[in-house]
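Residue-level listing of the chains:
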Amino acid sequence: MTSAKLVAVGDNCLDVYLTRGLLTVGGNALNVAVQWRRNGWQARYFGAVGNDDEGDIVLDEVVAAGLSGDDVERRPGDTAVTLLRDKAGDRNFLLESFGVGEDYRPPATHYHSLTNADWVHLGTNANRELLLSLVADKIPFSVDVSTLHFALPLEGVPLLFASGPDDPAEPVEPLLAAFRKAGARKVVLTCGARGAYFDDGGRVLYQKAMPVEVVDTCGAGDSFIATFLASFCIERETAEEALCRATAAASLTCTHLGGFPQTPRPIPDWLPAKYAQYLAQEQEL
């Protein structure tokens, strides 16, 4: 295992594939930490799950992936759940809940670990005050804003990940320029099958996507992030090399169900009843 200390903070969830009758564990921050751990990095994951059956499942996968269950808080309330139906590559989201992990900020004891980390990654829907603290304390970190491009203050953010347009006819330069104007020092824009872009303020690099037989795209962007960070920020490879490695990792993730290799679980008998209102709404449409 490499000596660099990497920490991912934030979201986790159960991805429930109703069409397949299966569920997996994921979430941006958790997926990133697991991918780091799988590739031999000294990784930790800080997040929260509810005191419910869903939380038990998430914690089981956290430990199975080689991460510490002690770093995950149990809080009163619900664990984040995503209900989706997928067909012919299209995904229909019936529910995207954030649960007790919404706006997660680790306790002071865990924050001390962030100050000693070689790199910190904040998952989607990151805590605003935590981000500002990392900037103020000059801690090396990245954040994934996904499609909520300007929901967080970006001034002083060392490395920003965001989702961009997958339509080749839509230019990415205005969005990259807006991120830089907002204060992000470096930007990675992932655009699905279109590929990815990297802007360091002096140049914009492009990496085309790698064709693959897609099983599931869930978590592919998280694998991209984990690999890019390890390659570019820790191993000090060039941005071109990091983009290439990250794209290969994202393509590999598309070949299996879930954001990281795991054995998908059958949907438990109790779950449809618990979320019956959302399933009923779908039937009414």
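Everything below is about the structure shown above.
Numbering of residues starts from 1 in every chain and runs along the sequence as written. pLDDT decides what is reported in this predicted model: residues at 70 or higher carry local features, side-chain atom pairs at 80 or more are listed and counted, and totals for whole chains, interfaces and linings draw on all residues regardless. Neither water nor hydrogens contribute to the side-chain values; these are computed over all heavy atoms in the structure.

Draft legend 1. Main features of the sheet that holds strand β12 (residues 196-199). Paired strands, as defined in this entry, are two strands with at least two bridges between them according to DSSP. A run of H or I in DSSP becomes a helix once it reaches four residues, and a run of E becomes a strand once it reaches two; helices and strands are each numbered from the N terminus. Spatially, 9 strands are ordered β5-β4-β1-β8-β9-β10-β11-β12-β13 in an open sheet, and the strand pairing comes out mixed. Looking at strand neighbours, the two that pair on one side only are β5 (72-75) and β13 (204-207), the edges of this open sheet. The mean angle between the axes of side-by-side strands here comes to 15°, regardless of whether they run parallel or antiparallel. Examined bridge by bridge, strand β1 (residues 5-9) and strand β4 (residues 42-50) share 5 bridges and lie parallel to one another. Its bridge partner lying in β4, K5 is registered against Q42. Contacts: residue pairs with any heavy atoms within 4.5 Å of one another. Fitting a line to C-alpha atoms yields each axis, with helices limited to the stretch in contact; the angle taken between N-to-C directions then spans 0 to 180 degrees. Along the sheet, helix α3 (residues 108-115) contacts β1, β4 and β8 (119-122); its crossing angle with β4, the most-contacted strand, is approximately 155°.

Draft legend 2. Summary view of the packing of helix α1 (residues 28-38) against helix α6 (residues 220-234). Running from N to C, α1 and α6 cross one another at 50°; their axes reach a closest spacing of 8 Å. Overall, the two elements α1 and α6 adopt an arrangement that is oblique. α6 is crossed by α1, and the crossing has right-handed handedness. Side by side, α1 and α6 meet where N28, N31, V32, Q35 and W36 of the first sit next to D222, S223, I225, A226, L229 and A230 of the second. Think of it as three bins: nonpolar holds Ala, Val, Leu, Ile, Met, Phe, Trp, Tyr, Cys and Pro, charged holds Asp, Glu, Lys and Arg, and polar takes everything else, Gly as well. Across the contact of α1 with α6, the residue classes tally to 6 nonpolar, 4 polar and 1 charged. Roughly parallel means an angle under 35 degrees; roughly antiparallel, over 145; roughly perpendicular, 65 to 115; everything else is oblique. Should the near helix be turned counterclockwise from the far one by less than a right angle, the crossing is left-handed, whereas a clockwise turn marks it as right-handed.

Draft legend 3. Representation of α3. A 1.4 Å probe rolled over the protein chains alone gives each residue an accessible area, and that area as a share of the maximum for its type sets the label: buried under 20%, exposed over 50%, partly exposed in between. Inspection of α3 places H110, Y111, S113 and L114 among the buried residues, and these make up the whole buried set. With its buried residues spanning 150° around the axis, α3 presents them on a single face. Counted as exposed and oriented over 90 degrees from the buried face of α3: A108, T109 and H112. In this structure, the buried side of α3 is in contact with β1, β4, β8 and α4 (128-136). Note: the arc covers the axis-to-C-beta directions of the helix.

Bear in mind that shape data such as this cannot, by itself, settle questions of function.
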